[in-house]
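Analysis of the macromolecular model
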Amino acid sequence: MAAPAPPAPTPALMKLAKETYDVTCAACHGATGEGNGPVAFAVKPPPRNFVKDEFKAGDGVEQIFKTVTSGLPNTKMVGYAALDEQQRWALAYYVRAFRPKR
Ligand code: HEC
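**Comments concerning the coordination of the iron atom of the ligand**
For the iron atom of the ligand, the full set of protein donor atoms is His29 (NE2) and Met77 (SD), at a range of 1.9 to 2.2 Å. Coordination geometry of the iron atom of the ligand: the 6 donor atoms subtend angles of 88 to 179 degrees at the metal centre, consistent with an arrangement described as octahedral. Note that His29 is positioned in helix α2 (residues 26–29) and Met77 in the loop between α3 (61–70) and α4 (85–96), a separation of 48 residues in sequence.

**Focus on the site of the ligand**
As a structural note, the neighbourhood of the ligand is formed by 23 residues, with Cys25, Cys28, His29, Lys56 and Met77 the closest of them. Within the side chain of Arg48, a nitrogen or oxygen atom sits 2.7 Å from an oxygen atom of the ligand. Within the contact set of the ligand, an oxygen atom lies 2.5 Å away from a side-chain nitrogen or oxygen of Lys56. In this structure the site holding the ligand corresponds to the largest pocket.

**Overview of α4**
Along an α-helix, residues three or four apart share an orientation, since each turn contains 3.6 residues. Over its 12 residues, α4 runs 17 Å from end to end, which matches the ideal 16 Å to within 8%, given 1.5 Å per residue. A large share of α4 lies buried, amounting to 9 of its 12 residues. Buried within α4 are the following residues: Gln87, Arg88, Trp89, Ala90, Leu91, Ala92, Tyr93, Tyr94 and Val95. Contact partners of the buried residues in α4: α1 (11–24) and α3.

**Brief notes about α3**
Residues Val61, Ile64, Phe65, Thr67, Val68 and Thr69 constitute the buried set of α3. If you follow the buried residues of α3, they end up packed against α4. Two residues or fewer after α3 comes Gly71, characterised by a positive phi angle close to 80 degrees.

**A closer look at unusual backbone geometry**
Cis geometry marks the peptide bond from Lys44 to Pro45; its omega dihedral reads -10 degrees. Along the chain, the position of Pro45 falls in the loop between α2 and α3. One non-glycine residue with positive phi stands out, namely Asn74, at about 60 degrees. Assignment of secondary structure puts Asn74 in the loop between α3 and α4. For Asn74, a relative accessible area of 79% corresponds to the exposed category.

Conventions and cut-offs
- Residues numbered from 1 in each chain as written.
- Predicted model: local features only at pLDDT ≥ 70, side-chain atom pairs only at ≥ 80, totals over all residues.
- Heavy atoms only, no water.
- Donors = N, O, S within 2.8 Å, 3.2 Å for Na, K, Ca; no water.
- Tetrahedral: all angles 85-135°; square planar, octahedral: opposite > 155°, others 65-115°.
- Helix = DSSP H or I, 4+ residues; strand = E, 2+ residues; numbered from the N terminus.
- Near = heavy atom within 4 Å.
- Polar contact = N/O pair within 3.5 Å; in protein donor to acceptor, adjacent residues only side chain to side chain.
- 1 Å grid on protein atoms, 1.4 Å probe; cavity = no way out; pocket = protein on both sides within 12 Å on 5 of 7 lines; lining within 4 Å.
- Sits in = over half its atoms within 2 Å of the grid points.
- Expected span 1.5 Å × (residues − 1).
- Buried < 20%, exposed > 50% of the residue type's maximum accessible area, 1.4 Å probe, protein only.
- Contact = heavy atoms within 4.5 Å.

Quick look at the structure:
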């Protein structure tokens, strides 16, 4: 199956991204993406610090979409296929925006 194409990162999509991230991801990855959310201390291996760490699977929008959909094996990073596709694309942009500009 071909990978679905990313929607444009409109203001509405980015608003959805923040709402979804704060509810679903920030407990581990932290509101600022630094891997320091309130439950992060209990998670081994620790949640990715999106600002500082290398991305194991790659940090392109399409790759992050896949990681968010399928998760990473043998870690607490589970797949979020239950979120709708729009939300997963939104999160991919949102996570990517924590990366330092290169
Ligand atoms: C229960 C804690 C937890 C939650 C909640 C969580 N993650 Fe993660 N996440 C992790 C851990 C742990 C890793 C690192 C796994 C590893 O080291 O391989 C990770 C890794 C990632 C990566 C991988 C970067 C790479 O190295 O390729 C992305 C992207 C990511 N998370 C996005 C998200 C998004 C988006 C959400 C919300 C939908 C989310 N995570 C929710 C624990 C969590």
